[in-house]
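Take a look at the letters that make up each chain.
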Amino acid sequence: MKNLKAILDKTQGLSGYRITESATASYELFFVHRKLETVRSTDTVSCDATVYVEHDGKVGDSTFHVYQSMSDEDIAAKVEAAKNRALLMFNEPYKLAPGGTLEAEIPTNLDKYAPEELGSMIADAVFAADTLPGGSINALEIFIYRTVFHVVNSRGVDKKQTVHRVMIEAIPTFTDEKQSVELYEDYRFTNFDPAKITAEISEKLKEAADRVTAQKLDKEMEINVVLRPEEIGELAYELAWDCNYQTIYSHANLHTVGDDIQQGSGDKLTITMKAVVPGSERSSYFDGDGSTLRDTQVIKDGVVSGSFGSIRFGQYLGIEEPSGALGCLRLEPGTLTDEELKAEPYIECVSMSGMQLDTYNDYIGGEIRLAYLHDGDSVKPITGISMSAKLSEVLATLRLHEKTDIRNAFDGPVKLLLKKVKVL
Amino acid sequence: MSFSKFLDSMRDDCRGLVKELSKSFDYVSILGTDVRSTVFRADKNMSDIRDSEGECGFVVKMHSGRSFYEYSCGDIKGDKKALAEKILKNVKIAGTLTDRQIETAKVSDVPMKQDFSIETDFDDFSDEYLLGVCKKISDELSKKDEKVLNAVGVMSPYSVSKLFVTENRELSQYYGWANGYALVIYNDGRMVEARHVEGSAKLAEVIEKTNASLDGVIDLARHLVKATPIKPGVYDVITDSSITGLIAHEAFGHGVEMDQFVKDRALAKYYVGKYVASPITNMHDGAAATRSVASYFFDDDGVLAHDTQIIKDGILVAGLSDLASATQLGTEPTGNGRRDNFSRKSYSRMTNTFFSPGKDKLADMIKSIKHGYMLFETNNGMEDPKNWQIQCTAEYGIEIVDGKLTENYVSPVVMSGSVPELLKSISMISDNFEVIGAGHCGKGYKEWVRVSDGGPNLKVRVKLG
């Protein structure tokens with residue numbers, strides 16, 4: 001980055017610049033069943049530079065990649081080309097993030113281990129769960145990353161943040177004499193806790209076993225449906241994205257501040273975009289512009305209350321102190337208890353092939369690979385079903401569980417109840 | 001544009017590192033990548049020209065005679081002995097894992113030296129011209145209807161240079177692809193997005209066809225604002241080429257990626273030689289199967305591109321493999337080893353995946369339906385190769401009543417169900433053919449690569465929601 005910064009500093013005609021650099025070292029293990037097929041290591045630097053040119057009362061900018069193998073002459077040529085591109089653009093002016101320095105590290109215990117030692121311990125923790133007769137882990141991929149993210153700009157920003165993180169992709173599988181079924185597990189963490197990993201994989205293996213005995217529904221039903229944190233997070237992010245500065249600036253937002261998105265009697269949504277959620281790999285103290293991140297509430301009691309996003313689009317909207325591009329999300333819990341939940345039959349989604357959310361078409365739905373049909377004390381696994389509902393109708397009456405949990409970048413209720421959803 | 005001068009200058013460095021690492025490994029390959037992509041974009045408020053999904057770096061693949069190792073880095077210049085030592089240190093494993101290493105057959109290194117190239121027309125167009133094309137698209141779309149809230153024009157040329165070096169093999173390739181998009185955000189009491197996507201190896205063709213699509217985009221937006229939800233149920237359905245491709249890709253393509261065979265993750269492993277689809281069904285995949293966004297000369301394992309027939313007259317005949325899975329299965333790799341970028345692992349991946357055309361006329365297919373839908377434009381899809389369930393979303397459908405397309409649009413439409421039931425329900429296949437080269441495909445929820453898919457119109461019976 002040193003050479004790039006020096007070249008940008010001496011380039012005539014630029015009104016500003018920004019450099020973002022991610023230096024990543026990874027150690028990766030790929031298992032086929034319990035056998036180690038491939039060991040990988042990476043040592044890469046991803047670097048982007050953006051140049052800004054003020055002209056004719058407007059500003060142009062252009063972003064280009066800078067590669068490790070580039071010579072100073074290569075970089076100078078890229079800067080010159082980007083400057084010429086910036087001159088072609090007539091966008092509204094805005095100020096880059098104000099100067100500031102920071103050197104931070106997202107809390108972790110992963111840095112206490114050598115990568116090969118950690119990889120082996122994670123593999124042991126995953127395979128320790130493989131004790132269920134008929135169960136197996138048919139594939140396992142372990143990714144251990146250390147990334148140093150560095151942002152510099154021409155206004156004096158010089159911020160650096162180190163993140164250690166692990167991603168596990170495991171395929172818990174259950175096989176009986178008739179069939180073999182699997183579920184997909186994507187588990188991410190910034191603190192190593194072998195017992196937690198084993199418990200997570202064990203739970204998925206049990207669910208895979210339940211999928212073997214799961215039955216299809218014999219008729220269409222209208223029934224309460226319970227989502228788990230992964231899908232609740234998807235829904236919450238979709239709603240929050242409508243409050244992003246860029247969405248608003250490009251006229252793609254459906255709602256504005258003051259709009260009630262839940263006209264009904266359910267638990268009211270309160271959503272805050274956050275910089276840091278404990279244990280989340282997406283936690284950050286600053287964004288790609290170098291802006292300090294400020295937690296921002298976007299929906300309060302079901303009513304749009306704020307907006308969030310990058311400094312550029314924040315300024316375009318006249319926001320005095322833009323929040324920065326926040327990546328984590330907190331959804332406040334509600335009042336739903338397990339006892340209340342049991343009062344009526346409901347379907348608890350365990351594994352979906354992907355939730356379908358379309359706010360423009362007022363739609364929520366998806367194919368459910370495994371769910372539990374709860375009816376009083378009876379719990380039956382079901383499979384091969386799909387659900388669909390009008391998003392506005394389920395938002396009006398949804399219920400949020402009183403307990404919360406953290407899943408990746410989402411911090412919120414452990415269960416969300418959608419009322420009277422069509423299931424086929 | 002032509003093959004990367006940088007990669008061309010790195011041939012000796014690659015040979016040197018292969019030679020050094022060959023002291024420790026039975027097989028060593030190096031893939032160098034120099035991929036360039038620029039996005040030109042304009043909407044009503046702003047415009048942008050930026051580097052997009054480019055990459056430039058190296059991945060070293062090694063086989064110990066037992067299992068695989070890989071190391072990715074941005075540069076391999078300098079002292080090869082020191083770099084080889086660093087690589088060995090970085091890929092070492094804990095002693096506890098040594099006994100868990102897989103044992104595969106040795107990797108063959110068939111001699112070949114060849115340079116492949118298809119010239120592109122990307123240099124014929126200046127930055128100023130391409131940004132002007134995008135602005136014109138945005139302006140013209142905005143002028144066509146006051147209900148257009150925003151209109152976007154995008155042009156994106158993408159060029160690929162790759163160099164592959166082993167002890168016996170030295171291959172290079174250069175090719176390109178371009179995409180264009182025209183999109184509106186439209187509000188007539190309800191907000192919708194309508195778009196046209198174009199792709200071709202010739203940027204001139206992309207510009208021409210995207211410019212010609214603008215009336216259609218506005219017409220689609222006007223219909224989509226009036227679209228209603230579909231009543232869930234099982235219907236007779238005609239697919240457009242995009243949805244045909246989505247079925248080929250999600251329903252069966254993922255299921256025949258043979259790295260899933262070695263992990264016992266694909267039911268298809270047990271169906272080779274058996275009927276999996278209606279007897280009129282034929283399906284292919286391959287970088288050499290047609291010319292589209294995933295057409296290359298050799299894959300990221302240095303295996304030459306193939307045209308693989310997956311389904312022949314309804315019978316599953318072959319799968320798609322990368323080097324590692326073929327080595328474990330004892331088969332020949334099919335040229336489907338692909339990486340998201342040089343820092344990611346190679347997996348068995350689809351390329352251009354499509355159903356072959358049939359003999360029916362689209363008009364006859366529509367006429368044959370009493371009540372059903374014709375589905376258009378891929379939104380997204382999810383596969384389940386182990387259990388053969390699918391979920392595919394079409395942007396919209398048009399109701400068919402008494403053999404005629406109506407003005408009734410439904411949106412969105414989610415197609416779900418069992419793969420064999422869907423493929424065996426194919427009762428008519430049209431004689432037209434189109435492959436859409438604008439897609440990206442993930443493996444699980446990561447490892448994104450560019451793919452195309454398509455084919456003719458299909459008549460199927462499927463659950464819609």
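Quick look at the structure, then.

So, how was this worked out
- Residues numbered from 1 in each chain as written.
- Chains lettered and ligands numbered in written order.
- Predicted model: local features only at pLDDT ≥ 70, side-chain atom pairs only at ≥ 80, totals over all residues.
- Heavy atoms only, no water.
- Axes fitted to C-alpha atoms, helices over the stretch in contact; angles between N-to-C directions.
- Helix = DSSP H or I, 4+ residues; strand = E, 2+ residues; numbered from the N terminus.
- Parallel < 35°, antiparallel > 145°, perpendicular 65-115°, else oblique.
- Left-handed = near helix turned anticlockwise from the far one by under 90°.
- Contact = heavy atoms within 4.5 Å.
- Nonpolar A, V, L, I, M, F, W, Y, C, P; charged D, E, K, R; others polar.
- Buried area = accessible area lost by both parts, 1.4 Å probe.
- Salt bridge = Lys/Arg side-chain N within 4 Å of Asp/Glu carboxyl O.
- Buried < 20%, exposed > 50% of the residue type's maximum accessible area, 1.4 Å probe, protein only.

1. Notes on the packing of helix H1 (residues 2-10) of chain A against helix H2 (residues 72-86) of chain A
Residues and elements named next belong to chain A. Running from N to C, H1 and H2 cross one another at 45 degrees; their axes reach a closest spacing of 10 Å. The angle between H1 and H2 places the two elements in the oblique class. In the packing of H1 onto H2, the handedness of the crossing is right-handed. Residues Asn 3, Leu 4, Ile 7 and Leu 8 of H1 touch H2, and the partners they reach there are Asp 72, Ile 75, Ala 76 and Val 79. Broken down by class, the residue content of the contact of H1 with H2 amounts to six nonpolar, one polar and one charged.

2. A word on the interface of chain B and chain A
On the side of chain A, 75 residues touch chain B, which itself brings 83 residues to the contact. Summing both partners gives a buried area of about 6700 Å² for chain B against chain A, and 49% of it is carried by carbon and sulfur. Across the contact surface, chain B and chain A share 10 salt bridges. With a closest N to O distance of 2.8 Å, B:Arg265 and A:Glu182 form a salt bridge.

3. A short note on the environment of B:Val303
All names here are of chain B. Take Val 303: it is sitting in the loop between strand S10 (283-285) and strand S11 (308-312). Considered as a pair, Val 303 and Val 451 are 148 residues apart in the sequence and their alpha carbons are 18 Å apart. Apart from the residues lying within four places of it in its own chain, the contact partners of Val 303 are Phe 297, Phe 298, Pro 333, Thr 334 and Gly 335.

4. Brief notes about the pattern of salt bridges
Inspection of every chain in the model, using the stated rule, returns 65 salt bridges over all chains. When the shortest N-O distance is used, the salt bridge between A:Glu207 and A:Arg228 registers 2.9 Å. Placement of the pair is A:Glu207 in helix H4 (residues 194-213) and A:Arg228 in the loop between strand S9 (221-227) and helix H5 (229-241), with a sequence separation of 21 residues. By relative accessible area, A:Glu207 is classed as buried at 2%. Between B:Glu20 and B:Lys23 there is a salt bridge, with its nearest N and O atoms 3.1 Å apart. Exposure remark for B:Glu20: the relative accessible area of 17% places this residue in the buried category.

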